[in-house]
Structures are given as C-alpha cells and as structure tokens.
Amino acid sequence: MKRCHRGILISAVALSLLAGCDFASPWGSSSSGTEYGATSVTGGGSGTGGGGTGTPTSPKGGLGGESGTEGTDDTIVVTSSAPSVTAALGASQTMSITFTSSDGLAITGFGISGTLGALPAGWSGPSTFTCALVATGSGCVLNLTYAPTALDSGVLVINYLYVDNAGLSRAPGGSLAIPYEAIARNNVVATVSPAGQIDAALGGGTQSVSINFTTDTNNATTDEAATNFTVTTNLAALPAGWMSAAPSFSCAYVSSGSGCQLVLTYAPTAAARGTLTLDYSYMDDLGAARTGAVNIAYSSTSANIVVAAASPTGQINAAEKSGAQAVAVTFTTDDGKPATNLSINSGLTTLPAGWRSASRAFSCASVSTGNGCQLGLTYAPSALGNGTLTLGYGYTDDSGTAQTGTFNLAYAATTNDNVVATPSPSGQIDAVAGEGSQTVSVAFTTDDGRLATALRLTTNLAALPSGWSSMASSLACTSVSVGSACSLNLTYKPTEAGPGTLTLNYSYKNNAGQMRTGSLNIPYRGTTDDTVAGTPGPSSSLSVATGTSTAVTVTFATDDGYPASALTVTSGFDPLPVGWTGASTPFACATVSAGTACQLPLTYAPKAVASASTLTLGYSYTNDAGFAKTGTVNIAYRASSNDTVAGAVSPNPVTVASGGSLPVTVTFTTNDGNPASALSVITGLTTLPAGWSTTAASFTCLTVSAGTVCQLPLTYAPTAVVGNSTLTLGYSYNDDSGTAKSATVTIDYSAT
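The paragraphs below set out a description of the structure included in this document.

Criteria and thresholds
- Residues numbered from 1 in each chain as written.
- Predicted model: local features only at pLDDT ≥ 70, side-chain atom pairs only at ≥ 80, totals over all residues.
- Heavy atoms only, no water.
- Helix = DSSP H or I, 4+ residues; strand = E, 2+ residues; numbered from the N terminus.
- Buried < 20%, exposed > 50% of the residue type's maximum accessible area, 1.4 Å probe, protein only.
- Contact = heavy atoms within 4.5 Å.
- Areas by Shrake-Rupley, 256 points an atom, 1.4 Å probe, with all protein chains shown as cover.
- Pairing = 2+ DSSP bridges.
- Core = buried A, V, L, I, M, F, W, Y, C linked by side-chain atoms within 4.5 Å.
- Phe/Tyr/Trp six-rings, centres within 6.5 Å; stacked < 30°, edge-to-face > 60°.
- Axes fitted to C-alpha atoms, helices over the stretch in contact; angles between N-to-C directions.
- Salt bridge = Lys/Arg side-chain N within 4 Å of Asp/Glu carboxyl O.
- Disulfide = S-S within 2.5 Å.

**Re the overall build of the protein**
Inference 1: Scanning the protein for helices and strands turns up 1 helix and 54 strands.
Inference 2: Counting the 752 residues in the protein, one finds 43% classified as buried.
Inference 3: Once local pairs closer than 6 in sequence are excluded, the contacts in the protein between residues at least 24 apart make up 69%.
Inference 4: A total of about 33,600 Å² of accessible surface is found on the protein, and carbon and sulfur atoms cover 51% of it.

Here it is as structure tokens:
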C-alpha cells in the first residue's frame, strides 16, 4: 500500500476512535468537558506601577493530593519522538512522549487516564503513568514500545488529565493520537539484461550483461531505500570468460530508481556452460542486515549472437507528466560478424503505458558492429508506475540458423518532488532570555510522499546564531519520504533579548534524480520577564478648584522597553469616583512598550469642595515572556476652592496716649474655611511708622484657614502726639486651588 493511501486510512481510523470517546466522562478526551473536581479559587498576586497590591489565596491541590501552585491556566504540551510509528515484523520501535507545560510554570496531578491497561497488539509499556510535576525540564516522559508479530495498522490514542498552574483540575485534559503500522521488510532484487541464458560466440564473441539492483517496493509498504549494498562475490575471480571492470561493487543506497547497476562482460575463449552466482548483502529499509543472490546461466556458442543494448544504460527514469527520456536500443553481433534479417516480433505494438515508438515495426537487413541498426523509443509517463519493457526479436546468425532473442529494459516513473522542512512547534520560537529554553524539532519530508535521497544539511551546526545549539554536528539522511524519521533536534536558549531568524540550508536528490536545494527560516525572539507601570500626568497628586477641570493622562509602558500585550484596566474605572470622567469602558491596549502609546485619558472636574482621596486603577497584562501579571496606578486628588485671605486687626482703630504702649494683632483667615498656603507680608513691615514695632523683620505662615492661627504681632508705643494716620501692610498667598494672590490690610491709629 502506498504511503499516501495508508495516511488516509490511518486518519480515518483515528477519527473513528476519537468519535467513540465518551465526552461526558471525566476520563474522556474532549477538550470542552467540565472541570472535573474543580472548586472556586480566588486569584491573587502583587501588582506594580502606582504601588497597589493584590491579596493571594491558595489554589486547591492536585488530583493526587499534591499542593497547588499559584499561576495561570496553562496547558500540557505533548511532543512525540516521531509523528507515527512504523516497525517491521520481528523488529521493534520505541516511541518517547514528552509532556511539558505550555508556559514553563508548574502543572501537577498529571496522569494517563485508562489507556495503558489495554494497549493494542504489539504495544507494551507501563500499566500506569503519572507525574507529580510537569514543567520545563521536569522529565515527564512516557516510553512505549511497538514490536509487531503480524501485519497490522491502527491508531493508538493516549488520554491524559492534570491540574493546571491556577489549581484547576483538567479532566478530560487532552489526548494524543499515534498512527502505527506493522510492515514487511523490503528486499533487494536483481534484474539481468538480457534475460535468460547469456550466450557468446567462441573466439571473439562478447556479450555485455547488466544487473540492475532495485527494491521490491510492491512487497514493502514503505517506498524507502535499502542501504550499504555490496556484492560480496569476488569480481576479480569470476568464472572463465567473465570479466568485471572493477574488482568490487557497492551502492550507498538502493531504491526503485536508484540506478544501482553492475555491468559484466562474457567473452568465452573455450567451450563452457554454467551458472554465475553473485552474492550480495545490504541493510533493508528498517536497518536490518540482509543477503541475497542472483544466478545467471551462460553458454559459449560457435555461431554469433545478436545482442541489444540501451542508451542510456540501466533503469530508464522520467518524471511523471513533465519528463521525457529518449532511449536508443542498438542491435549488434557479439563477434562483429554480420547477422541478417533482424526484426522485432513482439512487444513493439503493445508498449507499456508511457512508452512510444516512431514506428509500429522495426527490421534490419544486416546486423553487425557499427552498422546503425538502432530502434528509437521515448518514455514519457503520465502516471506513476514502474515495470520492464520486453522486446522479442528474431534474426539469422552467421551460420544461417534462425535465432531469437529477448531484450528487457527496466523503467520507472518518477516525480519532480521537493523536500520540505517542517519545524515543530511552528511559528516564532520564543524563550525568556537567561531563564527559559525551547526545543525545536525539524522534520524533513517530501511534498508528495515519494522517495528522495542523499539529503545533507549544508548549514554549519557549529555556527548557529547566538542561543541556538544542536547535539548533532551534522545531518545526513540516505532517504527521505513521509514518515522517514529524517529530523534535526535543536534547542533555543537565549542569553539576551532580541529577535532574529535561523536559516537552515540543505541539498538533496529528488525522486527524478535531480539535485536540489532548499532552506527553512525559523523566526525567533529572546523575551524578557518585564513589568508594565502606569504613570499619571501631569502629576500623581492633584488639587483642582471647583468649577474648573484638569486633564490627566495615565501612560502605560514596560520597564525595559520590550513589549507586553493584552493590557486591560480591570478595576477602579467603572464607575469612576465623583468628579472623574474618562473614555468609554473597557479600556485595553493590544501592545505596550516604551515606544507604543498606551494612554488612558481622564478628566477631574469637581463641583464641590472635597477632602483628599485616591483614585486606584487595577490592570492586567501579559508580559514579554508570556506570563500573566497585574498592577495598580494611584492618583491622589482633592477638590479645592478659589478662596481669599483677609487680615483682621485687633484693636482697630488703635489709640494710645503719648508715652504709652499697646499690643496690636493682625489675624489672617480664609473667607470659606478652606485652606490657603504660603502667606507672606511683603510690604510695610520693614518701613513701619514711628512708634510701631514687631518682633521680626519678616512674617510668613505655611498654612492659613479658619482653624489655623496665623497672627502678626505688632506694638504701638508713640512718644509724641500723632493725628489720625494709617498703616498699610501688603501680603501674598496661594489660595486653596494653588492660585497665587495678594491683598492689603489697613490699621488706623493715633496718639494723644
């Protein structure tokens, strides 16, 4: 069965198995089931930004009684050592399944639910499997072995459950479907051309014999190459009359179109008859050591023989629908002496699919070496297939005896396919700089399931970008097809934040025998465990007068300039305190960083004086490393008034007898009882009239209100009679809203 057909069958089996799951059961495989055993949990954590905090609570324990951990609703990431399992009868294949956390945070209570106790035939493993902790590097790995004893195929489904990092029990948690197949091993077979007994005339007659080694892909269920093929018979010690151009023969790989062909020559010098046996060894497509043999009957003749040879030699290959291969079949005698009346008597009028001839009949009056008795054929397949073109011919040898011969030509339709590299996981690879790592597996397959060969990674694995490494120093695969297990494992462990692209270049020979190149680009980025802070402007402490308004903008940015995402204001915004207005709810930013404007506009417009208060906004976000975080921003504010400060003189007017003395007090208060600040007497105090004095050269009050004593002490002690006069003091201050103001206070006085 071809691999594409087998893949469709296995997918159908997998769907039918999954359709039979009881999704109402907590042990089923549905991802939409209820949270089995879950209880209510209040989340906790500490926010950053304006100084607010959250209150953590402890989540519930795992299914096995483990203590819970605070965190997020993470999931299990399942990585198998291969997408499917193929094993030959009598051999075994081990599948390793690694379970990790999607965000690197701890997952507890992991277990395989009810699928290990009744594994399909040929499968073996532990009867139960649990992991107390699943996280990066926790070593939660399940090993299963497939050792079939009969041809079989199917899908093994592994169901599992767990407790996520937020303490929620996930039952069902998920499932993994593993297609598997037991196959027969392929064999290397030999096709001799010309077929039948090899005959050559004594004393000058020669016969060229081609032995084409291919795999019997109709017997094997995979179209993969055999490797390390070697003819073990000593080619330097062949029977008398037989010769080989080289003393040994080997091929790195053998497939249906590999062109692994040994050419021998039979040129007898004495009468002989016998069988030439060639032994060979190889590694089959499952890696097992195998042997085989081909027997070639031969005989020397006294009359000459007409032999046929094709150009190009070996198996004829042409690409399906797009390729065409011209083939010239040349007829000659083995001794150079002429034969006569050659004609093709079978096979030419019923050529296999894809073959065509310029004529439906072919004949030559005379045949000898170099006389141009040549048949032109073309192989241009429209569909995939392979086979042997057989032409029967008759002639009269140089002794006048009618003879017949047969010419066999192996052929195969190929595809002009490509090798594609597929990374897992796909998309951009992220890891936290200095903290995390990510394993990446790159699988090489053909885009049509047909065989490609001689894949070699041309990128230097010792010179990968910073943060990337590989346990292997190089990668080479003899054969590549769907499920061929030609893969490269890499690790990304960044030491610094930043993006980049890993490029892997490779070369290969496709199914049509053409050398090709390809490349894979993997985008990656070192992330950071950064924090988003909210900064209010123009100030985090506001005093706004009633009847006026002040715009406030809260700017959200990361502390290191690297991005965060999915910011949402979660509390304090709906509703806002009295006097505050803002944008429509909810407020969110898809991206946050130092260069990305994520700003929340607010306005404070109080209608009545109010005491100091604080607006606290809570927000959540996902940081650059993918971790869920929270924070708060605090804005202190109060509603003030445009009050005024007046000075009250006691006594007023001031009348003192000459030679006497009288204390005078100027008391400063606000007109509405709300505070003012920074009062200072700015004029009149340093140039007091005669008789007036004070204890200091300057006078100030930090705060002025109805309940705050702000009094200027003066003394009037005249030494002479003074008529009605006036002392004026000028002062400045900031009113309750912070507006700078000034005023004067007047003291009427006289001396008698």
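After presenting the structure, the write-up continues.
**Some details on the sheet that holds strand E1 (residues 76–80)**
For sheets, the rule is that strands pair by backbone hydrogen bonds, running either parallel or antiparallel.
Inference 1: Read across the sheet, 4 strands follow the order E1-E3-E7-E5 without closing on themselves; strand pairing throughout is antiparallel. Whereas interior strands pair on both sides, the edge strands pair on one side only; in this sheet they are E1 and strand E5 (123–124).
Inference 2: Here E5 pairs with strand E7 (residues 141–146) via 2 bridges, running antiparallel. If you follow Ser124 over to E7, its bridge partner there is Thr145.

**A closer look at the nonpolar core**
Inference 1: If you look at the biggest cluster of nonpolar residues, it comprises 31 residues, and the most contacted ones within it are Phe331, Leu342, Trp355, Phe362, Leu375 and Leu377.
Inference 2: For this core, the secondary structure elements donating two or more residues are strand E19 (306–311), strand E20 (316–319), strand E21 (325–333), strand E22 (339–346), strand E24 (363–367), strand E25 (374–379), strand E26 (386–396) and strand E27 (402–414).
Inference 3: If we ignore the near neighbours within four places in the chain, the residues touching Phe331 are Val306, Val307, Ala308, Leu342, Ile344, Phe362, Val367, Ser368, Asn371, Cys373, Leu375 and Tyr393.

**Considerations on the packing of aromatic side chains**
Inference 1: The final tally for this structure, using the stated rule, is 41 aromatic pairs.
Inference 2: The interplanar angle of 65° and the centroid separation of 5.2 Å between the aromatic rings of Tyr266 and Tyr298 together place this pair among those described as edge-to-face. Of the two residues, Tyr266 sits in strand E16 (residues 260–266) while Tyr298 sits in strand E18 (residues 289–301), which places them 32 residues apart along the sequence.
Inference 3: According to the relative accessible area criterion, Tyr266 is buried, its value standing at 0%.
Inference 4: Among the residues examined, Tyr298 registers a relative accessible area of 8% and is labelled buried.
Inference 5: Ring plane angle 20° and centroid distance 4.9 Å describe the contact between Trp580 and Tyr604, whose orientation is recorded as stacked. Here the residue Trp580 occupies a position in strand E41 (residues 580–582), and Tyr604 occupies one in strand E43 (residues 599–604), the gap between them amounting to 24 residues. Considered together, Trp580 and Tyr604 belong to a single accessibility category, that of buried residues.

**Regarding the sheet that holds E25**
Inference 1: Sheet architecture is open: 4 strands sit in the order E19-E21-E25-E23, paired in antiparallel fashion. Only two strands of the sheet have a single partner each, and these edge strands are E19 and strand E23 (355–357). Going across the sheet, the axis of each strand differs from the next one's by a mean of 25°, ignoring polarity.
Inference 2: One ladder, built from 6 bridges, connects E21 with E25; its direction is antiparallel. Considered in E25, the bridge of Thr330 is made with Gln374.

**With respect to the pairing of strand E45 (residues 628–640)**
Two faces, one strand: in a regular strand the side chains alternate between the faces of the sheet.
Inference 1: Relative to E45, strand E38 (residues 541–545) runs parallel, the two sharing 5 bridges. Along E45, the bridge assignment pairs Ser541 with Ala636.
Inference 2: For strand E44 (residues 610–622) and E45, the ladder comprises 11 bridges, and the chain directions are antiparallel. Residue pairing in the sheet places Leu615 in a bridge with Ile635 of E45.

**Considerations on the side chain of Ser750**
Inference 1: Note that Ser750 resides in strand E54 (residues 740–751).
Inference 2: Overall, Ser750 belongs to the buried group, its relative accessible area being 9%.
Inference 3: Beyond its immediate stretch of four places on either side in the chain, Ser750 contacts Val654, Thr655, Val656, Tyr716, Val722, Gly723 and Asn724.

**Brief notes about the pattern of salt bridges**
Inference 1: The tally for this structure, following the rule as stated, stands at 6 salt bridges.
Inference 2: With a closest N to O distance of 3.3 Å, Arg290 and Asp284 form a salt bridge.
Inference 3: Looking at Asp284, the relative accessible area reads 3%, which means it is buried.
Inference 4: Arg525 is the salt-bridge partner of Asp624, the closest N and O atoms lying 2.5 Å from each other. Taken as a pair, Asp624 in the loop between E44 and E45 and Arg525 in strand E36 (residues 515–527) lie far apart in primary sequence, 99 residues in all.

**Quick look at the environment of Thr108**
Inference 1: As for its position among the elements, Thr108 is in strand E4 (residues 107–112).
Inference 2: For Thr108, a relative accessible area of 6% corresponds to the buried category.
Inference 3: Each C-alpha atom of the pair Thr108 and Ser169 lies 9.1 Å from the other, and the pair is 61 residues apart in sequence.

**Let's talk about unusual backbone geometry**
Inference 1: Going from Ser311 to Pro312, the amide bond is cis rather than trans, its omega being 5°.
Inference 2: Summarising the element assignment, Pro312 is placed in the loop between E19 and E20.
Inference 3: Here Asn652 and Pro653 are connected by a cis peptide whose omega angle stands at 10°.
Inference 4: Tracing the backbone shows Pro653 in the loop between strand E46 (645–650) and strand E47 (654–656).
Inference 5: Backbone geometry at Lys321 places phi at a positive 70°, although glycine is not the residue there.
Inference 6: Along the chain, the position of Lys321 falls in the loop between E20 and E21.
Inference 7: Looking at Lys321, the relative accessible area reads 69%, which means it is exposed.
Inference 8: Of note in the backbone geometry, Ala454 takes a positive phi value of approximately 55° without being a glycine.
Inference 9: Along the polypeptide, Ala454 turns up in strand E31 (residues 452–457).

**Concerning the state of the cysteines**
Here, the word disulfide means a covalent bond between the sulfur atoms of two cysteines.
Inference 1: Tallied over the entire structure, the rule returns 6 disulfides.
Inference 2: Here Cys131 engages in a disulfide with Cys140; their sulfurs sit 2.2 Å apart. Handedness of the Cys131-Cys140 disulfide follows from its S-S torsion of about 95°: it is right-handed. Judged on exposure class, the residue Cys131 and its partner Cys140 are both buried.
Inference 3: Across the disulfide from Cys477 sits Cys486; the S-S distance is 2.0 Å. Where Cys477 bonds to Cys486 through sulfur, the torsion about that S-S bond is close to 90°, and the disulfide is right-handed.

Honestly, it's all geometry; don't read function into it.
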